[in-house]
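Architecture at a glance
For reference, the chains in residue letters:
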Amino acid sequence: MPENILVTGGAGFIGSHTVLELLLAGYHVVVVDNLNNSSGASIRRVKELAGEHGDNLHFHELDLRDKPALQKLFTGTKIDSVIHIAGLKSVGESMEKPLMYYNNNIIGAITLLEVMDAHGCKSLIVSSSATVYGWPKEVPCREDFPVDAINPYGRTKPVVEEMCRDVQRADQEWKIILLRYFNPVGAHQSGYIGEHPRGTPNNLMPYMQQVAVGKRPALTVFGDDYSTGDGTCVRDYVHVVDLARGHVAALRKLSDPDIGCEVYNLGSGKGTSVLEMVAAFEKASGKKIPLVMAGRRAGDGEIVYASTEKAERELNWKAEYSVEDMCRDQWNWAMNNPDGYESPDP
Ligand code: NAD
Ligand code: UFG
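A quick note: this is a predicted structure, and the numbers were derived from the prediction, not measured.

Here seven strands make up an open sheet; going across it, the order is 3-2-1-4-5-6-11 and the pairing parallel. Of all the strands in the sheet, just strand 3 (57-61) and strand 11 (261-266) have a single pairing partner and so form its edges. Across the sheet, the axes of successive neighbouring strands diverge by a mean angle of 20°, strand direction being ignored.

Below, the structure is given as structure tokens:
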């Protein structure tokens, strides 16, 4: 019997790509999402992309904190493992509305773990973030580095990580993998699914995409006086399809009886500066990106990239796509869907 995997946040950017890879790998998938930052169109398009596997995807529009609804879902469907991706993720918004972030990200996780526990489902993968490293003192960031989150969104991640460790310590039937994503970008090669930020994008790639399609006049570069090669910040960009496959690798690892609660970085292991990313995107799109050089953005670390050794060794997973691939696929998504999921189907 194929395993039934519940994916929370499966309509979002990372979730939709993960659901597709799970379906293609032969899993049956149940998605729970409140569509707070996503659209049901992504689910429909994932079904289409999955071809003959598309019928193995079922969607429930519900908020994770709605415990009775979640209980009903677990009672009606046997869930083998859960991939918990749902969450609010904007750093700036979390500084303005910290309680909304703590409520959504922490109560959501508690409710999910309680319902899983009550139904004897103790196999879990959780989205965490490189944000837990804060401003790392050295790079590459290893999983055993101290946690030092620097904003309310960031602080919700170590809280959930610790909660998972405590749950697993108390009951060793639990098997939990915490995945710390670095900077996911790009889109599925089909140009059919991708990232659709609501309002003004905070992150580099979606902002640059909107400049390239003429929706915004210029990209503001936050700081060119860092101690890096060209003075701009260095990050670890990872193709969202590579990241999605990292979840499939983690799911396979959950069948290891000794897994306990483990944490893995999912990144490319390579550092790329803002200006290098701009150059790669200009090349992929054939568009000139007008730049406005500005001061540093509060809270930005200088150089952040992952040590990928542990994921390579224990998950047998390694990012395959280059920055050029990420920019090509991001641009393909942008060209096919100028208004994201509000565009007609390409
Ligand atoms: P996203 O906003 O595209 O997807 C998150 C999904 O969760 C959305 O579809 C949203 O509607 C849903 N959701 C939020 N709260 C919910 C709730 N209470 N109940 C049900 N559904 C809910 O974001 P994403 O980029 O796909 O990020 C997914 C996860 O990865 C988040 O946990 C985020 O913190 C983490 N992460 C993202 C990044 C990044 O740069 N994108 C980096 C590191 C970690
Ligand atoms: N940047 C610009 N101009 C912009 C947007 C970003 O110059 O308009 C720069 C930033 O200053 C930074 C780099 O581009 O140097 C990357 O910025 P992003 O906002 O795309 O990504 P961050 O590394 O700051 O943070 C993201 C998520 C966090 C997450 C982190 C690691 O926003 O939540 O990746 O996963 F924790």
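A word on the site of ligand 2. What surrounds ligand 2 is a group of 21 residues, the closest being Ser129, Phe182, Thr220, Arg235 and Asp300. A distance of 2.9 Å separates an oxygen atom of ligand 2 from a polar side-chain atom of asparagine 203. Here an oxygen atom of ligand 2 and a side-chain polar atom of aspartate 300 are 2.5 Å apart. Burial of ligand 2 by the protein amounts to 88% of the accessible area it has alone, namely 690 Å². If you tally residues by element for the shell around ligand 2, the top one is strand 8 (residues 219-222), at four residues. Residues belonging to the shell around ligand 2 are distributed by class as follows: twelve nonpolar, six polar and three charged.

On to the pairing of strand 3, then. Note: strand 2 (residues 28-33) against strand 3, five bridges, orientation parallel. Following the sheet pairing, valine 29 is matched in strand 3 by leucine 57.

Here strand 4 (residues 81-84) shows a buried face lined by Ser81 and Ile83 and a second buried face lined by Val82 and His84. In the sheet, strand 1 (residues 4-8) pairs with strand 4 via four bridges, with the strands oriented parallel. Opposite leucine 6, over in strand 4, you have valine 82 as the bridge partner.

This part covers the packing of helix 9 (residues 274-285) against helix 11 (residues 323-336). In the contact formed by helix 9 and helix 11, the axes pass within 9 Å of each other and the chain directions differ by 55°. The angle between helix 9 and helix 11 places the two elements in the oblique class. The crossing of helix 9 and helix 11 is right-handed. Here Met277, Ala280, Phe281, Ala284 and Ser285 of helix 9 lie close against helix 11, whose contacting residues are Val323, Cys327, Arg328, Gln330 and Trp331. Classifying every residue of the contact of helix 9 with helix 11 by side-chain character gives seven nonpolar, two polar and one charged.

The subject of this paragraph is the packing of helix 7 (residues 204-212) against helix 11. For any two helices packed against each other, one specifies the inter-axial angle together with the distance between the axes. The N-to-C vectors of helix 7 and helix 11 enclose an angle of 55°; their axes lie 10 Å apart at closest approach. Taken as axis vectors, helix 7 and helix 11 run oblique relative to one another. Considering how the two elements wind past one another, helix 7 and helix 11 form a crossing that is right-handed. Residues Met205, Pro206, Gln209 and Ala212 of helix 7 form the contact with helix 11, whose participating residues are Met326, Cys327, Gln330, Trp331, Trp333 and Ala334. Here the residues of the contact of helix 7 with helix 11 are counted per class, giving eight nonpolar, two polar and no charged.

Our focus in this paragraph is the site of ligand 1. Taken together, 28 residues are adjacent to ligand 1, and Asp33, Asn37, Ser38, Lys89 and Tyr153 come closest. Side-chain polar atom of aspartate 33 to an oxygen atom of ligand 1: 2.6 Å apart, as the coordinates give it. Taking asparagine 104, its side chain carries an N or O atom lying 2.9 Å from a nitrogen atom of ligand 1. The fraction of the free accessible surface of ligand 1 (810 Å²) that becomes covered by protein chains is 95%. Broken down by secondary-structure element, the contributors of at least two residues to the shell around ligand 1 are helix 1 (13-24), strand 5 (123-129) and helix 6 (152-170). It is strand 5 that contributes the most residues to the shell around ligand 1, three residues altogether. Along the lines of polarity and charge, the residues of the shell around ligand 1 split into twelve nonpolar, eleven polar and five charged.

All right, on to helix 3 (residues 67-76) then. Residues spaced three or four apart along an α-helix face the same direction, because each turn holds 3.6 residues. Listing the buried residues of helix 3 in full gives Leu70, Leu73 and Phe74. Down the axis of helix 3, the smallest arc covering the buried residues is 95°, so these residues share one side. Residues of helix 3 that are exposed and angled more than 90 degrees away from the buried face: Pro68, Lys72, Thr75 and Gly76.

What counts and what doesn't
- Residues numbered from 1 in each chain as written.
- Chains lettered and ligands numbered in written order.
- Predicted model: local features only at pLDDT ≥ 70, side-chain atom pairs only at ≥ 80, totals over all residues.
- Heavy atoms only, no water.
- Pairing = 2+ DSSP bridges.
- Helix = DSSP H or I, 4+ residues; strand = E, 2+ residues; numbered from the N terminus.
- Axes fitted to C-alpha atoms, helices over the stretch in contact; angles between N-to-C directions.
- Near = heavy atom within 4 Å.
- Polar contact = N/O pair within 3.5 Å; in protein donor to acceptor, adjacent residues only side chain to side chain.
- Areas by Shrake-Rupley, 256 points an atom, 1.4 Å probe, with all protein chains shown as cover.
- Nonpolar A, V, L, I, M, F, W, Y, C, P; charged D, E, K, R; others polar.
- Buried < 20%, exposed > 50% of the residue type's maximum accessible area, 1.4 Å probe, protein only.
- Parallel < 35°, antiparallel > 145°, perpendicular 65-115°, else oblique.
- Left-handed = near helix turned anticlockwise from the far one by under 90°.
- Contact = heavy atoms within 4.5 Å.
- Arc of directions from axis to C-beta.

Coordinates in, geometry out; function isn't part of it.
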